[in-house]
Amino acid sequence: MLKLNRIHHIAIICSDYEKSKQFYSEILGLKIIREVYRQERDSYKLDLEVGDQYQVELFSFPNPPTRPSRPEAAGLRHLAFEVDDIIEAATHLNKLGVATEAIRIDESTGKRFTFFADPDGLPIEFYEK
């Protein structure tokens, strides 16, 4: 049987690189590991660290097509980050101008969660530990 150890990284293509870089590094607080400009692709690649274990790769490409979020389409649905305190996390985002949905309770685990969107409308979830 195939043995998968963990998720290594998540790759996101953004339409406005500077805006998304600011969102993921300053608003969400992901640590910048490295930033590379790939001239042959006219593309930036920004590696961001999540909790010393995971990475988010942020890419820029000229004129990427938009991906529908609503109505929900087939494929990867959203990106979820675990947080210690959902109220604190949502309040932090709200103070920085990022709207969050109402906090809900997961019926199967009893844990609280909320959704918001990145600058391109990618759904992101905060899920309480």
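Check the entry above for the structure.
These lines cover the structure that appears in this document, whether it is placed above or below. (Residues numbered from 1 in each chain as written. Predicted model: local features only at pLDDT ≥ 70, side-chain atom pairs only at ≥ 80, totals over all residues. Heavy atoms only, no water.)

## A short note on the pattern of salt bridges
- Counted by the stated rule, this structure contains six salt bridges.
- Between K21 and E35 there is a salt bridge whose closest N-O contact spans 3.1 Å. One end of the pair, K21, is in helix α1 (residues 17–27); the other, E35, is in strand β2 (residues 31–38), with 14 residues separating them in the sequence.
- Taking the relative accessible area as the measure of exposure, K21 reaches 18% and is therefore buried.
- For E35, a relative accessible area of 37% puts it in the partly exposed group.
- For E128, the salt bridge identified is with R112, shortest N-O distance 2.9 Å. Here E128 is found in strand β8 (residues 123–128), whereas its partner R112 is found in strand β7 (residues 112–117), with 16 residues between them in sequence.
- Its relative accessible area of 12% is what places E128 among the buried residues. (Salt bridge = Lys/Arg side-chain N within 4 Å of Asp/Glu carboxyl O. Helix = DSSP H or I, 4+ residues; strand = E, 2+ residues; numbered from the N terminus. Buried < 20%, exposed > 50% of the residue type's maximum accessible area, 1.4 Å probe, protein only.)

## Topic: the packing of aromatic side chains
- Tallied over the full model, the rule gives eight aromatic pairs.
- When the ring of F113 is compared with that of F115, the centres are 6.0 Å apart and the planes differ by 90 degrees; the resulting orientation is edge-to-face.
- Consider the rings of F113 and Y127, whose centres lie 6.3 Å apart with planes at 15 degrees: the pair is stacked. Here the residue F113 occupies a position in strand β7, and Y127 occupies one in strand β8, the gap between them amounting to 14 residues.
- Taking the relative accessible area as the measure of exposure, F113 reaches 11% and is therefore buried.
- Classification of Y127 as partly exposed rests on a relative accessible area of 21%. (Phe/Tyr/Trp six-rings, centres within 6.5 Å; stacked < 30°, edge-to-face > 60°.)

## Some points on the sheet that holds strand β5 (residues 79–83)
- Read across the sheet, four strands follow the order β5-β8-β7-β6 without closing on themselves; strand pairing throughout is mixed. Every interior strand has two partners, whereas the edge strands, β5 and β6 (104–105), have only one.
- Pairing geometry for β7 and β8, over five bridges, is antiparallel. In the sheet register, F113 faces β8, and the bridge partner there is Y127. (Pairing = 2+ DSSP bridges.)

## Remarks on the layout of surface pockets
- The computed volume of the largest pocket comes to approximately 910 Å³.
- Looking at the largest pocket, it is lined by 32 residues, and the ones nearest its centre are R67, P68, S69, L122 and P123.
- Within the residue set of the lining of the largest pocket, elements represented by two or more residues are β1 (9–14) and β7.
- Counting residues per element, the lining of the largest pocket draws most heavily on β1, which supplies five residues.
- When its residues are assigned to classes, the lining of the largest pocket shows 18 nonpolar, six polar and eight charged.
- Taken as a whole, the second largest pocket spans an internal volume of roughly 380 Å³.
- Lining the second largest pocket we find 17 residues, and of these L28, F81, E82, V83 and F126 sit closest to its centre.
- Among the elements of the structure, β3 (43–50), β5 and α2 (86–95) are those that each provide at least two residues to the lining of the second largest pocket. (1 Å grid on protein atoms, 1.4 Å probe; cavity = no way out; pocket = protein on both sides within 12 Å on 5 of 7 lines; lining within 4 Å. Points joined across faces, edges and corners; volume = space filled by probe spheres on them. Nonpolar A, V, L, I, M, F, W, Y, C, P; charged D, E, K, R; others polar.)

Functional significance is not addressed by these values, which are geometric in nature.
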